[in-house]
Amino acid sequence: CGGKMKSRRIVMNALFVGLAIVLSRFLSVRIPIGGAEGVRFGVGTLPVILAGISLGPLDGAVVGAVSDLLGYFIYPMGAFMPQFTLTSLLYGLIPGLLFRYILRKKLTFANILVTSMIAELIGISITPLLINQLFQIPWAVLMPPRIITFVLRVIINPMIIYELLKRVPQLRTGMILPTENKS
């Protein structure tokens, strides 16, 4: 049974990596600012966040880092910068830690909303900081489109993640469903 669970986990991680690459590299809108990719709008972070929530923080971190690395080799967009791989890693790690250890794996929309919002704070804080430091693009130029994408992702991602977790039982192993939470 242990080998079956390990195989399942590997397959789920690979699925999340593939989805993250396709959604972020091929099905997103990129807005260049100052010669660099200033903002990328899409749901490419969704599989990374979902991996962290459904499989745990380590798996979420692995999915984030591997999807960024493989995505770069499949479809590079400029020079490779490991700082952005770290950011992708955090998109999976932080939601996984928050959902598993602070929210105690209780599957409610409010918990998914909070988890997604905190994950998206990475995109509105660390990523522009890196872009500003690496490319000297001013904050006044970076932040307005990021605020818009932050609001859209905070609305869209939790709804999609919550519905997937409710409707796909394979994603919610070990979670406490609202009907089970009597205390």
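Residues numbered from 1 in each chain as written. Predicted model: local features only at pLDDT ≥ 70, side-chain atom pairs only at ≥ 80, totals over all residues. Heavy atoms only, no water.

### Focus: the overall build of the protein chain
Line of reasoning, step 1. Looking only at helices and strands, the protein chain has 6 helices and 2 strands in total.
Line of reasoning, step 2. When its helices and strands are written in sequence order, the protein chain yields α-β-β-α-α-α-α-α.
Line of reasoning, step 3. Taken over the C-alpha trace, the protein chain has a radius of gyration of 16 Å; the compact-globule value for 183 residues is 16 Å, and the two agree within 12%.
Line of reasoning, step 4. With the principal axes as the frame, the protein chain shows a C-alpha extent of 50 × 35 × 25 Å. (Helix = DSSP H or I, 4+ residues; strand = E, 2+ residues; numbered from the N terminus. Rg over C-alpha atoms; globule rule 2.2 N^0.38 Å.)

### A word on the confidence of the model for the protein chain
Line of reasoning, step 1. With 93% of its residues at a pLDDT of at least 70, the protein chain reaches an overall mean of 89.
Line of reasoning, step 2. For the protein chain, per-element mean pLDDT is lowest for strand 2 (residues 36-41), which scores 68, and highest for helix 3 (residues 57-74), which scores 97. (pLDDT = per-residue confidence, 0-100.)

### Quick look at helix 5 (residues 109-135)
Line of reasoning, step 1. Here helix 5 contains 27 residues, and its C-alpha end-to-end distance of 38 Å stays within 8% of the 39 Å for a straight helix at 1.5 Å per residue.
Line of reasoning, step 2. Where helix 5 terminates, the next one or two residues include Gln-136, which has phi positive at roughly 55 degrees. (Expected span 1.5 Å × (residues − 1).)

### Observations regarding the layout of surface pockets
Line of reasoning, step 1. Counted as a void, the second largest pocket has a volume near 160 Å³.
Line of reasoning, step 2. At the level of elements, helix 1 (2-26) and helix 2 (46-55) are the ones that each hand at least two residues to the lining of the second largest pocket.
Line of reasoning, step 3. Counting residues per element, the lining of the second largest pocket draws most heavily on helix 1, which supplies 4 residues.
Line of reasoning, step 4. Looking at the lining of the second largest pocket residue by residue, the class counts come to 4 nonpolar, 4 polar and 4 charged. (1 Å grid on protein atoms, 1.4 Å probe; cavity = no way out; pocket = protein on both sides within 12 Å on 5 of 7 lines; lining within 4 Å. Points joined across faces, edges and corners; volume = space filled by probe spheres on them. Nonpolar A, V, L, I, M, F, W, Y, C, P; charged D, E, K, R; others polar.)

### Considering the environment of Gln-83
Line of reasoning, step 1. Mapped onto the secondary structure, Gln-83 falls in helix 4 (residues 82-102).
Line of reasoning, step 2. Counting along the chain gives 64 residues from Gln-83 to Ile-147, while the straight-line C-alpha distance between them is 21 Å.
Line of reasoning, step 3. The residues touching Gln-83, leaving out its near neighbours within four places in the chain, are Leu-130 and Leu-134. (Contact = heavy atoms within 4.5 Å.)

### Observations concerning the packing of helix 1 against helix 3
Line of reasoning, step 1. Remark: helix 1 packs on helix 3, axes separated minimally by 8 Å, with the N-to-C direction vectors making an angle of 50 degrees. Relative to helix 3, the element helix 1 lies oblique. Note that helix 1 runs across helix 3; the crossing there is right-handed. Facing Arg-9, Asn-13, Phe-16, Val-17, Ala-20, Ile-21, Arg-25 and Phe-26 of helix 1, the residues of helix 3 in contact are Asp-59, Val-63, Val-66, Ser-67, Asp-68, Leu-70, Gly-71, Tyr-72 and Ile-74.
Line of reasoning, step 2. Counted by class, the contact of helix 1 with helix 3 contains 10 nonpolar, 3 polar and 4 charged residues. (Axes fitted to C-alpha atoms, helices over the stretch in contact; angles between N-to-C directions. Parallel < 35°, antiparallel > 145°, perpendicular 65-115°, else oblique. Left-handed = near helix turned anticlockwise from the far one by under 90°.)

### Some points on unusual backbone geometry
Line of reasoning, step 1. Despite not being glycine, Lys-105 shows a phi value in the positive range, around 60 degrees.
Line of reasoning, step 2. Unusually for a residue other than glycine, Gln-136 sits at a positive phi of about 55 degrees.
Line of reasoning, step 3. Note that Gln-136 resides in the loop between helix 5 and helix 6 (139-167).

### Section: the packing of helix 1 against helix 2
Line of reasoning, step 1. One way to put it is that helix 1 packs onto helix 2 with a least axis distance of 8 Å and a crossing angle of 160 degrees. Relative to helix 2, the element helix 1 lies roughly antiparallel. Listed contacts from helix 2 to Arg-8, Arg-9, Met-12, Asn-13, Phe-16, Leu-19, Ala-20 and Leu-23 of helix 1 are Pro-47, Val-48, Leu-50, Ala-51, Ser-54 and Leu-55.

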